[in-house]
Amino acid sequence: MEKPKIIKELLNLRERISNCKEMIEYCDRMSLSVSGQSFDNEVVDHTRNFEAPFVKWIYRKIECEAKLKTLKEQYQSSITKLNEYLLGFEITDEIEIITLRYIKCYDWAYIQNELCTSESTMYRLHRRALVRLNELEKLTVA
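Parameters and conventions
- Residues numbered from 1 in each chain as written.
- Predicted model: local features only at pLDDT ≥ 70, side-chain atom pairs only at ≥ 80, totals over all residues.
- Heavy atoms only, no water.
- Core = buried A, V, L, I, M, F, W, Y, C linked by side-chain atoms within 4.5 Å.
- Buried < 20%, exposed > 50% of the residue type's maximum accessible area, 1.4 Å probe, protein only.
- Helix = DSSP H or I, 4+ residues; strand = E, 2+ residues; numbered from the N terminus.
- Contact = heavy atoms within 4.5 Å.
- Expected span 1.5 Å × (residues − 1).
- Salt bridge = Lys/Arg side-chain N within 4 Å of Asp/Glu carboxyl O.
- Phe/Tyr/Trp six-rings, centres within 6.5 Å; stacked < 30°, edge-to-face > 60°.
- Lys NZ or Arg CZ within 6 Å of the ring centre and 35° of its normal.

### Examining the nonpolar core
Formed by 23 residues in total, the largest nonpolar core has its most connected members in Ile7, Tyr75, Leu82, Phe89, Ile98 and Leu133. When contributions to this core are tallied by element, the ones reaching two or more residues are α1 (5–32), α2 (55–86), α3 (92–103) and α5 (119–141). By residue number, the principal contributor to this core is α2, which donates 8 residues. Apart from residues no more than four positions distant in its own chain, Leu133 is found in contact with Pro4, Ile7, Leu82, Tyr85, Phe89 and Ile98. Membership of the second largest hydrophobic core comes to 6 residues, among which are Ile97, Leu100, Leu115 and Leu125.

Rendered as structure tokens:
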């Protein structure tokens, strides 16, 4: 079963946000480190760089923070769009599964306990919810 476009978009944005946060942390660590002269390499460029070595990491961190802000805005708009799709659902358990799995990011064991269903019933509801989301996406695109 292929996941609907909106779910793929949410998962992709979540991954990109995570990567961006890691890059911000890395840039922060690098901006706090002080590099020294390197005497083991041959000097290629004889012009002197008057900028401190940590400045490039500060600039990169600022760029990543701006990118993170836009990614979070896109993520929130995707969640809003998914919630609009969920309004068309009739079965509340399907809504609950999609909400718990893709919006709140819980694992399957937690969802099973929350819904008080068997594992096979949970996966069946999930599959039906994905099919319904695919149908709703096709109706809105067409």
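### Some remarks on α3
Spanning 12 residues, α3 covers 15 Å between terminal C-alpha atoms, matching the ideal 16 Å at 1.5 Å per step. After α3 finishes, the residue Cys105 shows a positive phi value of roughly 65°.

### Some points on the pattern of salt bridges
Evaluated as defined, the whole model comprises 2 salt bridges. Residue Asp28 is joined to Lys61 by a salt bridge in which the shortest nitrogen-to-oxygen separation is 3.2 Å. With a gap of 33 residues between them, Asp28 in helix α1 and Lys61 in helix α2 connect regions that are remote in the sequence. Note on Asp28: relative accessible area 30%, which makes it partly exposed. On the accessibility criterion, Lys61 (21% relative accessible area) is partly exposed.

### Points about the packing of aromatic side chains
Remark: the centre distance and the inter-plane angle together describe each pair of aromatic rings, the angle taken between the planes. Overall, the coordinates contain 3 aromatic pairs when judged by the stated rule. Relative to Trp57, the ring of Tyr26 lies with its centre 5.4 Å away and its plane at 85°, an arrangement referred to as edge-to-face. Residue Tyr26 is located in helix α1, and its partner Trp57 is located in helix α2; the two are separated by 31 residues in the primary sequence. On the basis of an interplanar angle of 35° and a centroid distance of 4.2 Å, the ring pair of Tyr106 and Tyr110 is categorised as tilted. For Tyr110, a relative accessible area of 35% translates into the label partly exposed. Above the face of the Trp57 ring, Arg60 is positioned so that its terminal group lies 4.7 Å from the ring centre. Cation over ring: Arg132 sits above Phe89, and NZ or CZ is 5.7 Å from the ring centre.

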